[in-house]
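Observations on the model geometry
Read off the chains here:
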Amino acid sequence: MKFTLNLNAKEFSKAEVVVISAFTKPEKKETKSKKTESKLVNTHWSKEVKASFEAINSSANFNGGKGETYTFAHDGVDVLVVGLGEKTKLTSEDLRKELAKTYKSISKYKSASIQIDGFTFKSKKEESLAVLVEAFGMTSYTFDKYLTKKSDAKLATVNLDSAEAKSKAKKLQKIVDEAIAVTESINVARDFVNEPPNVLRSTEYAKRVKKDVEKIKGVKCKILGKKELKKEKMNLFLSVNAGSAYEPQLVHLTYTPSKVTKNTKHIAFVGKGLVFDTGGYSLKPGGSMVNMKFDMAGSATVYAAFRAAAKLGLNVKITCILGMTDNAVNEHATMPDAIVTGRNGKTVEILNTDAEGRLVMADCLDYACDFKPDAIIDCATLTGACLIALGTEVCGVMSSDQKLADKLLKSASAADEYMWQLPIIPEWSKDMKGTISDLKNIGGSRWGGTAKAAAFLQEFVRDDISWAHLDIAGVGDSQSHLPYCPPKGASGVVIRSLVDFLKNS
Ligand code: BES
Ligand code: ZN
Ligand code: ZN
């Protein structure tokens with residue numbers, strides 16, 4: 001999909017469909033508007049379009065309410081009017097959702113022109129433009145590579161018509177380009193997550209990431225295989241891979257901005273990349289195992305944020321560590337009761353091989369600490385308990401540093417994504433301690449499972465480093481309540497929050 005800005009536009013750019021907005025006039029209590037008076041606020045319509053619209057009797061029934069649309073023909077093209085409700089009440093997320101629905105209703109056309117001045121929330125023109133490009137980019141995503149019959153041809157050209165002066169071209173173009181870089185990265189992550197596990201082996205995943213970053217300025221990529229992980233003493237990570245027919249892969253990415261000073265912040269990301277989680281010897285029941293290809297969504301999420309930041313050339317140094325393996329069963333697979341020593345020297349009794357994500361993450365977190373970042377943020381589909389605590393709509397945040405947690409929560413709010421913090425209380429840290437080993441990989445009870453997993457991870461983060469953990473077990477896929485996400489499959493949620501966080505680092 002190509003976006004073309006058309007500033008100082010006097011009329012619509014030529015296209016198969018023209019999209020305009022309408023707001024609802026706020027009802028005044030004292031002087032209720034007469035029936036004959038239009039209920040619409042449509043300041044960005046041309047005289048001619050208005051005349052065509054009003055000439056149709058049924059148009060009088062259109063109120064411009066949120067979710068309401070009206071289509072008519074004008075001068076040989078289809079015109080879609082998108083109702084946005086009361087102007088002052090429209091939020092950025094309302095706009096994103098309405099634009100997602102708009103995309104769906106115009107995707108059958110090859111070209112569209114949008115009068116963008118009418119699609120603004122709180123008179124924030126630039127932010128609204130970003131929301132528009134984001135909404136279209138995210139909604140246009142499909143995963144149809146395994147369908148012999150692909151979905152119909154998609155919208156290829158979107159003209160962004162605006163009355164803004166041409167002098168603003170550079171600034172507005174930058175906003176468009178940045179939003180494209182972010183949504184493109186979101187869609188790369190979605191592709192990784194949706195890829196089936198018989199294709200996306202750990203080795204294939206690492207190879208694809210390496211290829212994807214090849215041409216990005218400032219990015220370096222190193223891959224550690226089994227031999228290197230043994231040398232690094234990453235035995236917890238290796239214990240998860242023990243039953244696999246495929247090598248574990250630690251993908252180590254770095255992004256260095258063009259101008260680094262001693263004030264440049266260094267953020268490290270760590271992502272869970274379980275390309276499939278059978279549970280291991282603590283085998284998952286069949287029903288719970290389905291979709292466990294998405295157990296690498298944490299790694300895809302941090303990778304996408306890293307990729308977007310590098311493409312935007314953000315002035316922050318980023319280390320990104322992706323721990324990739326499957327959790328499978330063969331005669332070498334780790335048995336429950338095994339005691340394994342992690343990279344940081346702590347011993348762990350593995351009482352449940354299905355609590356494998358924390359083992360991979362533990363060694364990766366310790367590895368990330370070596371680079372002395374200002375903060376580590378990890379992201380993982382870590383616990384089913386997160387769905388119990390926060391549903392499928394909210395990402396769990398846990399942190400050793402309240403300031404860092406607050407920054408993440410602020411970024412989530414700026415990106416219109418839901419995050420909620422859970423505490424890591426000393427009782428839960430104590431519950432993760434072992435009797436014949438330093439730690440156990442599961443707590444004494446299921447209660448508080450999400451934060452107990454975080455308490456376990458915290459044991460592998462050095463005390464002087466700020467750390468936050470994001471559990472995306474709920475939000476990583478099937479965000480059917482968000483019209484800009486596919487109802488089933490990878491969501492790409494949390495990436496926009498992380499990009500905002502990096503922008504403010
Ligand atoms: N990958 C799962 C977590 C998960 C479960 C994500 C369901 C999304 C949906 C993780 O490896 C796991 O199996 N965790 C166990 C931990 C338990 C054994 C302490 C869980 O949540 O049941
Ligand atoms: Zn598991
Ligand atoms: Zn898992």
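For every chain, the first residue of the written sequence is number 1, and numbering continues from 1 onward in sequence order. Written order decides the labels, with chains lettered from A and ligands numbered from 1. Note on the predicted model: pLDDT of at least 70 is required for a residue's local features to be given, and 80 or more for side-chain atom pairs to be given and counted; whole-chain, interface and lining totals, by contrast, use all residues. In computing side-chain values, all of the structure's heavy atoms are included and hydrogens and water are not.

Coordinating N, O and S atoms are those within 2.8 Å of the metal (3.2 Å for Na, K and Ca), and as water is not part of the atoms, a site may appear to have fewer donors than expected. For the zinc ion (ligand 3), the full set of protein donor atoms is Lys272 (NZ), Asp277 (OD), Asp295 (OD) and Glu356 (OE), at a range of 2.0 to 2.4 Å. Irregular is the label for any site that misses the other tests, which are tetrahedral for four donors with all angles between 85 and 135 degrees, and square planar for four donors or octahedral for six when opposite donors exceed 155 degrees and the remaining angles lie between 65 and 115. What the six donor atoms of the zinc ion (ligand 3) show is an angle range of 77 to 173° at the metal, which sorts the shape as octahedral. Here the donor residues of the zinc ion (ligand 3) are spaced in sequence according to K-x4-D-x17-D-x60-E. In this structure the zinc ion (ligand 2) is found 3.2 Å away from the zinc ion (ligand 3), and Asp277 serves as a bridging donor for the pair. Lys272 sits in the buried class, given a relative accessible area of 2%. Remark: exposure states derive from per-residue accessible area (1.4 Å probe, protein chains only) relative to the maximum for the residue type, with buried under 20%, exposed over 50%, and partly exposed in between.

All right, on to the environment of Lys311 then. A run of DSSP states H or I qualifies as a helix once it reaches four residues; a run of E qualifies as a strand once it reaches two. Both are numbered from the N-terminal end. Among the secondary structure elements, Lys311 is positioned in helix H9 (residues 297–312). Accessibility expressed as a relative area gives 40% for Lys311, which makes it partly exposed. In sequence terms Lys311 and Gly218 are 93 residues apart; their C-alpha atoms lie 9.3 Å from each other.

Here the focus is the sheet that holds strand E8 (residues 219–224). Within a sheet, neighbouring strands are paired by backbone hydrogen bonds and run either parallel or antiparallel to one another. In space, the eight strands of this open sheet follow the order E8-E9-E11-E10-E14-E18-E15-E16, with mixed pairing throughout. The open sheet is flanked by E8 and strand E16 (419–421), the only strands paired with a single partner. Across this sheet, the average inter-strand angle for adjacent strands is 20°, counted without regard to direction. Sheet analysis places strand E15 (residues 395–399) next to E16, joined by three bridges and oriented parallel. Following the sheet pairing, Val397 is matched in E16 by Gln421. On the sheet, helix H5 (residues 202–213) packs against E8, strand E9 (249–255), strand E10 (266–277) and strand E11 (317–327) and is oriented at approximately 15° with respect to E9. The strands touched by H9 are E8, E9, E10, E11 and strand E14 (375–380); relative to E10, the strand with the most contacts, the crossing angle is about 140°. If DSSP finds at least two bridges between two strands, the strands pair. Convention adopted: a line fitted to C-alpha atoms gives each axis, helices being fitted over their contacting stretch, and angles between N-to-C directions are expressed from 0 to 180 degrees. Here a residue-residue contact requires only that any non-hydrogen atoms of the pair lie within 4.5 Å.

Asp277 (OD), Asp354 (O), Asp354 (OD) and Glu356 (OE) make up the full set of protein donors to the zinc ion (ligand 2), lying at 2.0 to 2.2 Å. The coordination sphere of the zinc ion (ligand 2) comprises six donor atoms, whose angles at the metal cover 70 to 166°; the geometry is irregular. Between consecutive donors of the zinc ion (ligand 2), the numbers of intervening residues give the motif D-x76-D-x1-E. Since its relative accessible area comes to 3%, Asp277 is described here as buried.

Nearness is judged by heavy atoms alone; a residue qualifies as near a molecule or strand once a single heavy atom is within 4 Å of it. Ligand 1 sits among 17 residues. The nearest are Lys284, Asp295, Asp354, Glu356 and Gly384. Note that an oxygen atom of ligand 1 is positioned 2.8 Å from one of the side-chain N or O atoms of Lys284. Asp295 is positioned with one of its side-chain polar atoms (N or O) 2.8 Å from a nitrogen atom of ligand 1. Protein chains shield 76% of the accessible area of ligand 1, which is 520 Å² for the free molecule. Under this definition, polar contacts are N or O atom pairs within 3.5 Å; protein pairs additionally need one hydrogen-donor-capable and one acceptor-capable atom, and for neighbouring residues in sequence, both atoms have to be side-chain atoms. Here the accessible surface of atoms and residues is derived via Shrake-Rupley with a 1.4 Å probe, and residues count as covered only by protein chains that are part of the display.

Take the sheet that holds strand E12 (residues 338–341) next. On the basis of which strands lie adjacent, the open sheet formed by three strands has the order E12-E13-E17 and mixed pairing. Single-partner strands in this sheet number two, and they are E12 and strand E17 (439–440). In this structure, E12 lies alongside strand E13 (residues 347–350), joined through four bridges in antiparallel fashion. Paired with Ile339 across the bridge in E13 is Glu349.

Below, the discussion takes up the nonpolar core. We call a set of buried residues a nonpolar core when its members are Ala, Val, Leu, Ile, Met, Phe, Trp, Tyr or Cys and they connect through side-chain atoms within 4.5 Å of each other. Ranked by internal contacts, the top residues of the largest apolar core, which has 68 residues, are Leu253, Phe269 and Leu470. At eleven residues, the largest contribution of residues to this core is made by H9. Once residues lying within four places of it in the same chain are set aside, the contact partners of Phe269 are Val302, Ala305, Phe306, Ile318, Thr319, Cys320, Ile321, Ile377, Leu498 and Leu502. Counting 45 residues, the second-largest nonpolar core is a separate cluster that includes Met234, Leu238, Val348 and Met361.

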